[in-house]
Amino acid sequence: METKKPRILLCEDDPNLGNVLKNYLELNDYDVTLERDGRLGLAAFQREKFDLCLLDVMMPHMDGFTLAEEVRNVDPDIPLFFLSAKTMKEDIIQGYKLGADDYITKPFDSEVLLLKIKAILKRNEELNKETENKEYNLSSYHFNPKLRQLIHSGNTQTLSPKENELLKMLAEHLNDLLPREQALKKIWGSDTYFNGRSMDVYIAKLRKYLKDDEKIEIVNIHGNGFRLVVQD
């Protein structure tokens, strides 16, 4: 059985470096999408699913820092590296404040970059396995995301993929705010008005599934998102 190659989004406006790095990573069994500016990079990220982002800081139309903020709004956990000729301490600090896993200054050793990518993807794969197998006790309900099952008093409700993903995100943010924009972009792909109305319908469905326990509720934080609140 063929192993699926890890997917990397590479945003680099220098055509020579971009092509060389893309070819090098592809020779080492990565599937690489190369974009030349931040806006195209964001469009690619919203259109496809990636395992890691390599972002140049200085790009036309949208710089790497702004792109990183947009990426983090959609997926707070995706590994993210900055590639930059900017070596000022303030720039490096800003990169890490935006949630970068690494800030790599140019010129850099491609082999060292490859080893860093392998290490971070291996760590993420192990964390994802733990998350995939995680089950949740929500007061008197038991939620198994892997099987898409919500169990209560011996009755099992099989959730649709979107219901399952939404409840999983709420459970991961238990008693805390799940930002509306984050859920919309991750599950629906964009935070349009119509997708927002669709998510409200799914929230109503989840409330109906959870109605048999007064200790659990999904609270609407107006204009911001939702909280799955479970009382002790």
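It should be emphasised that the depicted structure is a prediction, and the values quoted were computed from it without experimental measurement.

Draft legend 1. Here's a closer look at unusual backbone geometry. In this chain, K106 is followed by P107 through a cis amide linkage whose omega measures -5°. Tracing the chain through its elements places P107 in the loop between β5 (102-105) and α5 (110-132). In this model, S139 sits at a positive phi of 55°, which is unusual for a non-glycine residue. In this structure, S139 sits in the loop between β6 (136-138) and β7 (141-144). Its identity is not glycine, yet S153 carries a phi of approximately 50°, on the positive side.

Draft legend 2. A look at helix α7 (residues 180-188). Listed in full, the buried residues belonging to α7 are Q182, A183, L184, K185, I187 and W188. In this fold, the buried residues of α7 make contact with α3 (64-74), α6 (161-172), β10 (177-179) and α8 (193-209). The first or second residue beyond α7 is G189, which carries a positive phi of 95°.

Draft legend 3. The arrangement of the state of the cysteines in detail. Under the counting rule described, the total for this entry stands at zero disulfides. C53 forms no disulfide, and the closest cysteine sulfur to it belongs to C11, at a distance of 7.0 Å. Residue C53 is classed as buried on the basis of its relative accessible area of 0%.

Draft legend 4. How the structure looks around the domain arrangement of the protein. With domains assigned, the protein is organised as domain 1 (7-132) and domain 2 (135-230). Between domain 1 and domain 2 lies a buried interface of about 710 Å² when both sides are counted; carbon and sulfur atoms form 48% of it. Applying the counting rule to domain 1 against domain 2 returns one salt bridge. Among the salt bridges present, the one from K185 reaches E70, with a minimum N-O distance of 3.5 Å. Inspection of the region where domain 1 meets domain 2 yields one residue pair in polar contact (both at pLDDT 80 or more). Of all the elements in the fold, those that place two or more residues in the side of domain 1 that touches domain 2 are α3 and α5. Per-element accounting of the side of domain 1 that touches domain 2 gives the leading share, three residues, to α3. When its residues are assigned to classes, the side of domain 1 that touches domain 2 shows two nonpolar, three polar and three charged.

Draft legend 5. Molecular detail of the sheet that holds β10. What the three strands build is an open sheet, ordered β10-β12-β11; its pairing is antiparallel. What marks the edges here is a single partner per strand, and that holds for β10 and β11 (216-221). The sheet shows a mean angle of 25° between the axes of neighbouring strands, direction not considered. Pairing of β10 with strand β12 (residues 225-230) involves three bridges; the strand directions are antiparallel. Counted as the bridge partner of L177 is R227 from β12. Packed on one face of the sheet, α6 meets β10, β11 and β12 and runs near 70° to β12.

Draft legend 6. A look at the UniProt feature "domain: Response regulatory" (unreviewed entry) in the protein. Cross-referencing UniProt, the feature "domain: Response regulatory" (unreviewed entry) maps to residues 7-121 in the present numbering. Split by type, residues 7-121 is 48% helix and 21% strand. Its first and last C-alpha atoms lie 10 Å apart.

Draft legend 7. Structural context of the side chain of D56. For D56, the location among the structural elements is in strand β3 (residues 52-56). A relative accessible area of 3% means that D56 is categorised as buried. For D56, the side chain forms a polar contact with the side chain of K106, separated by 3.1 Å.

Draft legend 8. Representation of the pairing of β5. Taken together, the four bridges between strand β4 (residues 80-84) and β5 define a ladder with parallel strand orientation. Considered in β5, the bridge of F82 is made with Y103.

Draft legend 9. A look at the pattern of salt bridges. Following the criterion strictly, the structure yields 15 salt bridges and no others. The partner of D101 in a salt bridge is R72, and the shortest N-O contact between them spans 3.7 Å. Here R72 lies in helix α3 and D101 lies in the loop between α4 (89-97) and β5, a separation of 29 residues in the sequence. Between K211 and D212 there is a salt bridge, and its shortest N-O distance comes to 3.4 Å. Assigned by exposure class, K211 and D212 land together as exposed. Overlapping salt bridges bring together R7, D31, R47 and E48 as one network.

Conventions used here
- Residues numbered from 1 in each chain as written.
- Predicted model: local features only at pLDDT ≥ 70, side-chain atom pairs only at ≥ 80, totals over all residues.
- Heavy atoms only, no water.
- Helix = DSSP H or I, 4+ residues; strand = E, 2+ residues; numbered from the N terminus.
- Buried < 20%, exposed > 50% of the residue type's maximum accessible area, 1.4 Å probe, protein only.
- Contact = heavy atoms within 4.5 Å.
- Disulfide = S-S within 2.5 Å.
- Domains from an automatic or database assignment.
- Buried area = accessible area lost by both parts, 1.4 Å probe.
- Salt bridge = Lys/Arg side-chain N within 4 Å of Asp/Glu carboxyl O.
- Polar contact = N/O pair within 3.5 Å; in protein donor to acceptor, adjacent residues only side chain to side chain.
- Nonpolar A, V, L, I, M, F, W, Y, C, P; charged D, E, K, R; others polar.
- Pairing = 2+ DSSP bridges.
- Axes fitted to C-alpha atoms, helices over the stretch in contact; angles between N-to-C directions.
- UniProt positions renumbered as here; feature names shortened; annotations may be inferred.

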